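# Structural features, examined
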Amino acid sequence: IDMTATVKAASGGDKQIGLCVSLNGSPITTTCVQGTASSTKLTSLTTIWQHDFAPGDYIEGFLSNETDTINVVAQQCVVRVN
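From a predicted model like this one, the values you see are computed outputs, not experimental measurements.

Scanning the protein chain from terminus to terminus reveals zero helices and seven strands. Counted from the first residue to the last, the protein chain has its helices and strands arranged as β-β-β-β-β-β-β. Computed over its C-alpha atoms, the radius of gyration of the protein chain comes to 13 Å, within 12% of the 12 Å expected for a compact globule of 82 residues. Reported as C-alpha extents along the three principal axes, the dimensions of the protein chain are approximately 45 × 20 × 15 Å. Put simply, the protein chain has 82 residues, and 28% of those count as buried. Seen as two clouds, the 4 positive and the 7 negative side-chain charges of the protein chain have centres 14 Å apart.

Before going further, it helps to spend a moment on the pattern of salt bridges. If you walk through the whole model with that rule in mind, you get three salt bridges. Its salt-bridge partner being Asp 2, residue Arg 80 comes within 2.6 Å of it at the nearest N-O pair. Taken together, the positions of Arg 80 in strand β7 (residues 72-80) and Asp 2 in strand β1 (residues 2-9) put the pair 78 residues apart, joining distant regions of the chain. With a shortest N-O distance of 3.2 Å, Lys 41 and Asp 14 are connected by a salt bridge.

Looking now at a nonpolar patch on the surface. Where nonpolar side chains cluster on the molecular surface, the patch consists of Phe 53, Val 79 and Val 81 and spans about 250 Å² of accessible area. The residue Val 81 is located in the segment after β7 in this model.

All right, on to the environment of Ala 74 then. If you trace the backbone, Ala 74 turns up in strand β7. On the basis of relative accessible area, Ala 74 is assigned to the partly exposed category, the value being 44%. Along the primary structure Ala 74 and Ala 10 are separated by 64 residues, whereas in three dimensions their C-alpha atoms are 9.6 Å apart. Leaving out residues up to four positions away in the same chain, Ala 74 has contacts with Thr 6, Val 7 and Leu 63.

Calculation notes
Residues numbered from 1 in each chain as written. Predicted model: local features only at pLDDT ≥ 70, side-chain atom pairs only at ≥ 80, totals over all residues. Heavy atoms only, no water. Helix = DSSP H or I, 4+ residues; strand = E, 2+ residues; numbered from the N terminus. Rg over C-alpha atoms; globule rule 2.2 N^0.38 Å. Buried < 20%, exposed > 50% of the residue type's maximum accessible area, 1.4 Å probe, protein only. Lys, Arg positive; Asp, Glu negative; His and termini not counted. Charge placed at Lys NZ, Arg CZ, Asp CG, Glu CD. Salt bridge = Lys/Arg side-chain N within 4 Å of Asp/Glu carboxyl O. Patch = residues over 30% accessible without salt bridge, like charges linked within 9 Å, V, L, I, M, F, W, Y side chains within 5 Å. Areas by Shrake-Rupley, 256 points an atom, 1.4 Å probe, with all protein chains shown as cover. Contact = heavy atoms within 4.5 Å.

Okay, structure coming up:
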């Protein structure tokens with residue numbers, strides 16, 4: 001699984017933005033990566049993880065603002081499962 005997201009903050013200056021792979025609704029902490037973005041500066045975040053899927057498993061990408069409560073805007077996100 002690899003996941004790449006291009007993100008920015010909805011407003012304001014620099015924010016620490018996080019991206020994690022989530023399995024069945026629970027973030028996998030070892031996949032979490034961070035970057036710095038603002039309302040005028042995009043950042044690209046990429047994370048990878050390997051998993052043998054069982055019936056009913058699903059994955060998601062979780063974005064978070066690690067600085068404050070300003071919204072995170074995802075400009076683009078690509079998820080590849082191989």
